[in-house]
Every structure is written in C-alpha cells, then in structure tokens.
Amino acid sequence: MKQQLLTALQQAVDDLLLAQQVEQNIHVQLSYPRHAQHGDYTANIAMQLAPKLKQKPRDTAQLLLDTVQWPAQVEKTEIAGPGFINIYLVQGSEFEVLRQIIHAGESYGLQSKKNEKVCLEFVSANPTGPMHVGHGRGAIVGDALSRIMHSQGYDVVREYYMNDAGAQIGVLTRSVWTRMCQLDGQDLRLEEGCYPGEYIIDLAKILLEQQPFSAWSALSQDERDTQLADIAIAHMMTLIREDLKVLNIEFDVFFSEQALHASGKVQELIAQLRQQDLVYDGTLPPPKGKEVKDYKPTVQCLFRTTQYGDDVDRALQKQDGSATYFAADIAYHKDKDDRGFDRQINVWGADHGGYVRRVQAAMQALTTKVDTPEVILIQMVNLTQDGKPVRMSKRAGTFVTLREVVDAVGSDAVRFNFLTRRCESQLDFDLQLAKNQSMENPVYYVQYAYARISTLLNRWETEGHELHEIKQIELHLLSDDQCQDIIKKLLQYPEILANSATKQEPYRVATFLMNLASDLHSYYHKHRILGEAPNVAQARLLLMRAVAQVISNALTILGVSAPKSM
RNA sequence: GCGCCUGUGGCUCAACCGGAUAGAGCAACGGCCUUCUAAGCCGUAGGUUGCAGGUUCGAUUCCUGCCGGGCGCGCCA
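All of the points below concern the structure found in this document. Here the residue numbers are simple positions, counted from 1 along each chain's written sequence. Ligands are numbered from 1 and chains lettered from A, in the order in which they are written. Reporting of local features is limited, given that this is a predicted model, to residues whose pLDDT is at least 70; pairs of side-chain atoms are given and counted only at 80 or more, and all residues count toward the totals for whole chains, interfaces and linings. To obtain the side-chain values, all non-hydrogen atoms of the structure were used and water was disregarded.

Glancing now at helix H5 (residues 133–151). Here H5 contains 19 residues, and its C-alpha end-to-end distance of 27 Å stays within 8% of the 27 Å for a straight helix at 1.5 Å per residue. In terms of burial, H5 is largely enclosed, as 16 of its 19 residues are buried. Where helices and strands are cited, they refer to DSSP runs of H or I of at least four residues and of E of at least two residues respectively, numbered from the N terminus. At the C-terminal side of H5, Gly-153 shows a positive phi close to 95°. Given a helix with a known number of residues, its expected span is that number minus one, times 1.5 Å. To sort residues, take the accessible area from a 1.4 Å probe on protein chains only and compare it with the maximum for the residue type: under 20% means buried, over 50% means exposed, and anything in between is partly exposed.

All right, on to the protein's contact with RNA strand B then. Lining the immediate surroundings of RNA strand B are 70 residues, of which Pro-287, Gln-319, Tyr-448, Lys-503 and His-527 lie closest. Proximity is defined per residue: if any heavy atom of the residue lies within 4 Å of a molecule or strand, that residue is considered near it. Per the 4 Å cut-off to the protein, sugar and phosphate atoms form 56% of the nearby atoms of RNA strand B. For RNA strand B, a base nitrogen lies 2.9 Å from a polar atom in the backbone of Tyr-32. Separating a phosphate oxygen of RNA strand B from a side-chain N or O atom of Tyr-445 is a distance of 2.6 Å. Secondary-structure elements contributing two or more residues to the surface near RNA strand B are strand E4 (84–89), helix H6 (167–183), helix H17 (442–462) and helix H19 (507–526). No other element matches H17, which puts eight residues into the surface near RNA strand B. Polar here means any residue outside two lists: the nonpolar Ala, Val, Leu, Ile, Met, Phe, Trp, Tyr, Cys and Pro, and the charged Asp, Glu, Lys and Arg; Gly therefore counts as polar. Of the residues belonging to the surface near RNA strand B, the class tally is 26 nonpolar, 27 polar and 17 charged. Polar contact is the term for a pair of N or O atoms within 3.5 Å; when the atoms are in protein, one must be able to donate a hydrogen and the other to accept it, and sequence-neighboring residues count only if both atoms are side-chain atoms.

Another aspect to go through is the nonpolar core. Joining through side-chain atoms within 4.5 Å is the link that ties buried Ala, Val, Leu, Ile, Met, Phe, Trp, Tyr and Cys residues into a set, and such a set is a nonpolar core. Counting 114 residues, the largest nonpolar core has Leu-98, Leu-490, Leu-543 and Leu-558 as its most contacted members. Here this core gets 15 residues from one element, more than from any other, and that element is helix H20 (residues 534–558). We call two residues contacting when some pair of their heavy atoms lies within 4.5 Å. Ignoring any residue separated from it by four or fewer positions in sequence, one finds Leu-490 in contact with Val-97, Leu-98, Ile-101, Tyr-108, Leu-516, Leu-543, Ala-546, Val-547 and Val-550. Counting residues in each nonpolar core, the second largest holds 27 residues, with Phe-303, Ala-328, Val-359 and Leu-366 among its members.

Classification of ring pairs uses Phe, Tyr and Trp, with its six-membered ring standing for Trp, and accepts pairs whose centres are within 6.5 Å; under 30 degrees between planes counts as stacked, over 60 as edge-to-face, and the remaining range as tilted. This structure, assessed with the given rule, holds 15 aromatic pairs. On the basis of an interplanar angle of 10° and a centroid distance of 5.2 Å, the ring pair of Trp-177 and Phe-213 is categorised as stacked. Placement of Trp-177 in helix H6 and of Phe-213 in helix H8 (residues 213–218) is noted, with a sequence separation of 36 residues between them. For Trp-177, a relative accessible area of 15% corresponds to the buried category. Phe-213 gets classed as buried once you look at its relative accessible area, which sits at 13%. Geometrically, the ring pair formed by Phe-251 and Phe-254 is tilted, given 5.6 Å between the ring centres and 55° between the ring planes. The exposure class of Phe-251 is buried, given its relative accessible area of 12%. Ring pairing ties together the aromatic residues Phe-303, Tyr-325, Phe-326, Trp-348 and Tyr-355, which thus form one cluster. By the criterion adopted, a ring carries a charge over it if an Arg CZ or a Lys NZ lies within 6 Å of its centre and within 35 degrees of its normal. Positioned above the aromatic ring of Tyr-88, the side-chain terminus of Lys-76 is 4.4 Å from the ring centre.

With that settled, the discussion passes to the sheet that holds strand E11 (residues 343–349). The rule for pairing is simple: two strands pair if DSSP sees at least two bridges between them. Read from one edge to the other, the open sheet built from five strands follows the order E7-E6-E5-E11-E12, with strand pairing classed as parallel. Strands with a single pairing partner mark the edges of an open sheet, and in this sheet they are strand E7 (253–256) and strand E12 (374–378). Across the sheet, the mean angle from the axis of one strand to that of its neighbour is 25°, orientation sign disregarded. One ladder, built from four bridges, connects strand E6 (residues 155–162) with E7; its direction is parallel. Bridge pairing in E7 links Tyr-161 to Phe-255. Axes here mean lines fitted to C-alpha atoms, for a helix over just the part in contact, with angles spanning 0 to 180 degrees between N-to-C directions. Together, strand E5 (117–121), E6, E11 and E12 form the strand contacts of H5, whose direction differs from that of E6 by roughly 160°. Taken strand by strand, helix H9 (residues 221–246) contacts E6 and E7, and its axis lies near 140° from that of E6.

Structure (structure tokens):
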C-alpha cells in the first residue's frame, strides 16, 4: 500500500518538476503520523519542494494534489499545518494486513533472497578464558543482527576470529604451567601478568590427568609450550562455545589466526605490499597522550595507511621481524574479501574504536573498497555490584563471567536486556539488580503478552470452538481506536525489521516489541474476548492471533523464546 | 593534545532519513483482581531535550564552539 502511494505521489512530483523546468531529483517520503487525526500516512514533500519552486508550501501541496492519481483505497487527502499532505485510506483497507499476517504466518516480515554475501564477524574473544559480561553484549548484538539480516534475505556467514597466536597465548601457557607446577607441590608464585582465574587451575588438572607431571617436565620447553598451548586453546574455545551455546549463539566459521600465519599468507601479503610500494622502512614518532619511558626510535616496516586517511603509518613487523597483530588482521580481512563476500561487518568493542580507520585504510589500499569492513562499535558495559563499579579484567581475575549471569537470569532476559539499547550508548549492568529484579526485565512484559494470547486461543479450542476463516469474520468490529493502533503497528513491523537490518540496529525490533506488547496489554485489560458474542469473539481473536504471530516472529528473530504460558 | 561515542523528567531509555502537542518503564502518589494470567491495567505529578550560536518553513535530530561522561592514541591483542 505504502509503495503504491509513494509511486503515485512521486509521479506527480516528477511531473511538477518537469512542468516547472526544475532539474532536480527529489524522492518522496511517507511517514506515519504520530496522531491519528493526521491521517494514515503523511508526506512532507510540498515543504521540501516549495522553496525550489519559489512557492508557498501549501500552494505546492495543492498543485500536487491536483494531479496525483491515487490508488482506489485512498479515501481523502488534505493539506494541513505548514503544508503536510495527509492521506486517509478507505475504512476497512487497514484490515488487509491481518489477512497478510494470518496467511504468511511465520514468514510475515521476511524478505526474499538478496543475493548479497555478508561476513559478520563478532565476539572474537581471545581464547584465554571464559567470556565475561562485556563480551556478552557484542555476542548478543552480533547474533541478533545476523538473524535480522538473514530474515531480510542477506546471505550471512557468522564468523569468529580466534586470536590463537601472539603474546597472550604465551601468557596463557605460562599461567597453566605455573599452576601445574603448583599442583605438583612446587612453591611457585604466579608471575606478574599471568591469568589468575580458577579456570586455569581446572585446566591444569585436566592436563595432569592426561599425563603425569614428570612426563610434561621431561619435554623440552618449546615442545611443552606448543602442546600446552594447543590443548589450552582448544579447551578455552570449548568453554567459550558452551557459553555461547547457552545464549543460543552459534557460528558458521571459526577462523584461526595461527593458521593464517602458518599458511604464509601474512608474509606473502607484506611482500606483495612492498612490491606495490605500500610499505616502507621508517620510524614512527613517539605515541601521544601518555608518557612513554622506553621509547626508542627504530626502523620498522610501515604501511602507508596515512595515504588512506589514517593518522600515522602503521607497523607491520616488530623489531624481531615477526608480524604485528595488524599485519595478520589485514591478511585476515583480505582473505574474507578473497572468499567473495560482498560486505564485511565487524562487531567490535568500543576499545577498538581507534583501530577501525587503519583496517579500512589497509582494505582500501588492497581492494579499493571504501568502508570495508563496516564496524559496529559496541560501547562498554559498566558492570556494577550493589551500585559500586567492578573493573573487569582477565589479568586481574576480577571479571564476572557471562555464564554466571545467564545461569542466574536466563538467556532470554540477558539477550533482551542487551538488545533494548542502542549500541552507541553505554550500558550499566548491575549484577545484583539483574539477578534480583529479573522480573523487571522487559522481556517478560513481551513474553507475557504472547502467553496471554496463547491461553485465550488454547481455551477457545478446548471449549470446543473453532477459529473462523478470515473471510467469515466481521472485521468492522475491529474499528475502535485501540484496534486501529494495534493494526497500524502490525503493519509497520516489516518496515521496522528492514530498517533494523539496513541500519544494523537490532534495538529497533526490541523497542517495537515493547510498544506492541504495551498496546496488547492495554487492549486485553479493556476488552473481554471469550465471553462476547461469537462474531465479536471471532473478530477479536483474529486480532489476537495476528499480534501473537508478530510477537512470536519478532522474538524468534531476536533469538528469544516465546513461551505459550508463563 | 588528537580521534571515535555520548549528554532527553530523580533513574533507565524511546521519538521512523529534520516534521505537527517530546513518549514509555522504574521510583513517588492514588485507584483496579468472585469474570480470559495483577509478570497486568488506569490515573496524578514530574521537561527551557547539557550550554551558546548557526542552517531551515520547522531542530531532540544537521553544522560550529564551549561544558560534562566513556573509550582509544608505541612493536599489546
């Protein structure tokens, strides 16, 4: 419907521009007025057009209205306020959406295949310990986004980049080995910087069960480190996968940084860049913003990222000649491009904000694609306990695991809680509050609405009644304001979902659900359904079915369950 | 110092690509369960959208400057 209106109006605008010999393209937008008194749809086009035509907006609106060929469902139009064109549909045309929903069922809101391959990378937490609450936000947003984009026809691959190479793996093996030594009875202290968490001790025990300490210590240090690292990483990834699993999150691809190094692709890349004169040997200025004691200017292999908008050129090799994290990361993103993805989207924590530009710069140099990868920065989760801030750090061992929270309040509550806010806003998460007052979580508000409807439908059937086909139902019984509000929301759901995908903002779906649930609760309270005359009951049940369907569809897309009873 | 994000009732957040009268929840106060789930509903109170300019017919939204909060700024990852 909206599309038809747009087309009609656009035609009139184009004609008008042509007639007035204004060479400009302007595309019409229709929005839903906040107040019902302003019609079913409203257009602000006249106000945008008027200055270009040197007219008064209301006059322009009139000119447009004189020529528009509206579809038959348009009852009337009016010019209002400074020049809005308000459109009113024929009574009853709004019921079409109910027919659509009942007919489409689970697929209401979905879109057909777009033939666009998207690589969505998220979580990518270091395999050095279980996930903490901060990781959870990125995990949930990324997962929800993948579902939302999938629903809109994108071909989404969900990818986890395992940082299973580099210094933190050394720290991990050192930590484990120290614990193993301690378990063997040695009086050893955990070195500065090692991971103090309990989970390391668990791992140490597992390793000692595999073979006795004597066997481990018989190995050369290199050999031992390699073996320990392999097992430790595998173990940590298992933990992480389990943590994700309880949140209903799974990945298509786990991409290993180590494998990338081993394949020689990183060195290859550097060689290739050198050939293209994109790297050079130079010195970096000392870092700004904080005192650096041991800064020594050294000659390094640098990538000319400044040519693509970065602040300084970035090092690809450390002093010892090994590749930097950045070098591997470029190779990784290049690899994704080679794998044929049309788009790369990365969900990163805000602490990686400064890193975005250099990766994009590198990708621009390598592929000429601008804005690749697209990065969604998730702002930090400020964890508090009883109102007091808790610093989360794997190194300090002061973190609250994601698992702990999920076990306490459940996947649905955690997911929805993290999805109700925009990614750009910081999030306070009080552990105690989350556990105690989980009932306040808006997810229950939404699920409750669904459960109420389910009960109604269930009772209706157990009492031996049937649900009528939509053509038998007296739809005009759904003409009061409250019904109309609900129907309008149902109508807007596909657009909300589409916007949520294009803008990559899952919170829109969550917000929509809360609004719809609010309407439902209000309606439910005000109107009886089962006790009414059969024709009234049938009509209202139809509305209920449609609402339940949309709630269920939207919850599913957010990865949240829709229980039939609570 | 520079870059990114952010500032909306006491608190947590909405407001569709700039639209008409800025909306919810929590907290406060007052009501509603012999009837489909009170995890709910209805009402009252609470706002100069951080401040100052600018662009526009029109600004919470865009631009500039200031103020406040967060994150980041070597060869760590």
